[in-house]
Amino acid sequence: MSKHQIAPSILTADFLHLKSEVEMLNSSEADLLHLDIMDGVFVPNLTFGFPVIRQIKSVASLPLDVHLMIVNAAYYLEEYRDAGADWLTVHYEACTHLHRTIHRIKELGMKPAVSLNPHTDVALLENVLPDLNMVLVMTVNPGFGGQKFIENSYKKIRKLKKMIEDAGSETLIQVDGGVTENNIGKLIEAGVDVFVVGNTIFSAKDPLKMISNLKKYS
Ligand code: DX5
Ligand code: ZN
């Protein structure tokens, strides 16, 4: 039984057939459904808002792992909870009052996670690590699917894994961007627990088989 989790990102799914894409994921071995929310300010791309999240929630059987790549995340926490977010990830680089935001996410009944852009050191999370269910290490620069994996990420993941172990914490490590069948094994060894996978799944001839292949690595 594989311990690691797969969170397909619908960013590269067929948005003209989003309902059937979500239904396909419902029938897969995936563990979470990753939604990339972009505001065109924090990242140079724009995706979708509350109405779409609500509709996805109405057909998804997987928990929603909502990744906020937006500047004013703290303004909208309740709306994301009401739209159906189970996990809510904010970016360290976009939060002035990160500790308060994390605790507000918890109060609202969601699981808090913090995401770090490739340039941001994991050491900056030391004071909030015990409050986090998960840390999302961006393994590409956020904004687009189908990008190349940043090789320096392994060193960063190992450093974070040591921080978590030294703190005796249960915080999960998630990676996002450029995950393929060729690097997932090495990422598991480095200590990754949850894998966001977009392009590798949605560009596959058989996405269900691809998810099953990604799950089988131990
Ligand atoms: C990028 C997003 C990722 C992306 C998945 O900003 O956060 O979730 O959709 O990336 P790929 O397609 O590389 O798996
Ligand atoms: Zn993402």
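Right, let's walk through the structure included here. Model, not experiment: these values are computed from the prediction.

**Focus: the layout of surface pockets**
The computed volume of the largest pocket comes to approximately 340 Å³. If you go around the largest pocket, you meet 28 residues; those closest to its centre are Gly145, Gly146, Gln147, Gly177 and Gly178. Where the lining of the largest pocket is concerned, the elements lending two or more residues are strand 2 (33-38), strand 8 (194-197) and helix 7 (199-202). Tallied by class, residues from the lining of the largest pocket come to eleven nonpolar, 13 polar and four charged. Here the second largest pocket defines a volume of roughly 150 Å³. If you trace the second largest pocket, you find it lined by Lys3, His4, Gln5, Lys161, Ile164, Glu165, Ser169, Glu170, Thr171, Leu172 and Asp193. The element that contributes the greatest number of residues to the lining of the second largest pocket is helix 5 (residues 153-166), accounting for three residues. Taken together, the residues of the lining of the second largest pocket sort by class into two nonpolar, four polar and five charged.

**Regarding the site of ligand 1**
Around ligand 1, the structure places 21 residues, and the nearest of them are Asp36, Gly143, Asp176, Gly178 and Gly198. One nitrogen or oxygen atom from the main chain of Asn199 is found 2.8 Å from an oxygen atom belonging to ligand 1. Coverage of ligand 1 by the protein chains reaches 99% of its 380 Å² of free accessible surface. By residue class, the composition of the shell around ligand 1 is eight nonpolar, eleven polar and two charged.

**Describing the packing of aromatic side chains**
Inspection of the entire model under this criterion finds five aromatic pairs. Ring geometry for Phe50 and Tyr76: centres 6.2 Å apart, planes at 50°, overall tilted. Placement of the pair is Phe50 in helix 2 (residues 50-59) and Tyr76 in the loop between strand 3 (64-69) and helix 3 (77-83), with a sequence separation of 26 residues. Ring plane angle 55° and centroid distance 4.6 Å describe the contact between Phe50 and Tyr80, whose orientation is recorded as tilted. Taken together, the residues Phe50 in helix 2 and Tyr80 in helix 3 connect sequence positions 30 residues apart. With respect to burial, Phe50 and Tyr80 carry one shared label: buried. An aromatic cluster is present here, built from Phe50, Tyr75, Tyr76 and Tyr80 joined pairwise through their rings.

How each quantity is defined
- Residues numbered from 1 in each chain as written.
- Chains lettered and ligands numbered in written order.
- Predicted model: local features only at pLDDT ≥ 70, side-chain atom pairs only at ≥ 80, totals over all residues.
- Heavy atoms only, no water.
- 1 Å grid on protein atoms, 1.4 Å probe; cavity = no way out; pocket = protein on both sides within 12 Å on 5 of 7 lines; lining within 4 Å.
- Points joined across faces, edges and corners; volume = space filled by probe spheres on them.
- Helix = DSSP H or I, 4+ residues; strand = E, 2+ residues; numbered from the N terminus.
- Nonpolar A, V, L, I, M, F, W, Y, C, P; charged D, E, K, R; others polar.
- Near = heavy atom within 4 Å.
- Polar contact = N/O pair within 3.5 Å; in protein donor to acceptor, adjacent residues only side chain to side chain.
- Areas by Shrake-Rupley, 256 points an atom, 1.4 Å probe, with all protein chains shown as cover.
- Phe/Tyr/Trp six-rings, centres within 6.5 Å; stacked < 30°, edge-to-face > 60°.
- Buried < 20%, exposed > 50% of the residue type's maximum accessible area, 1.4 Å probe, protein only.

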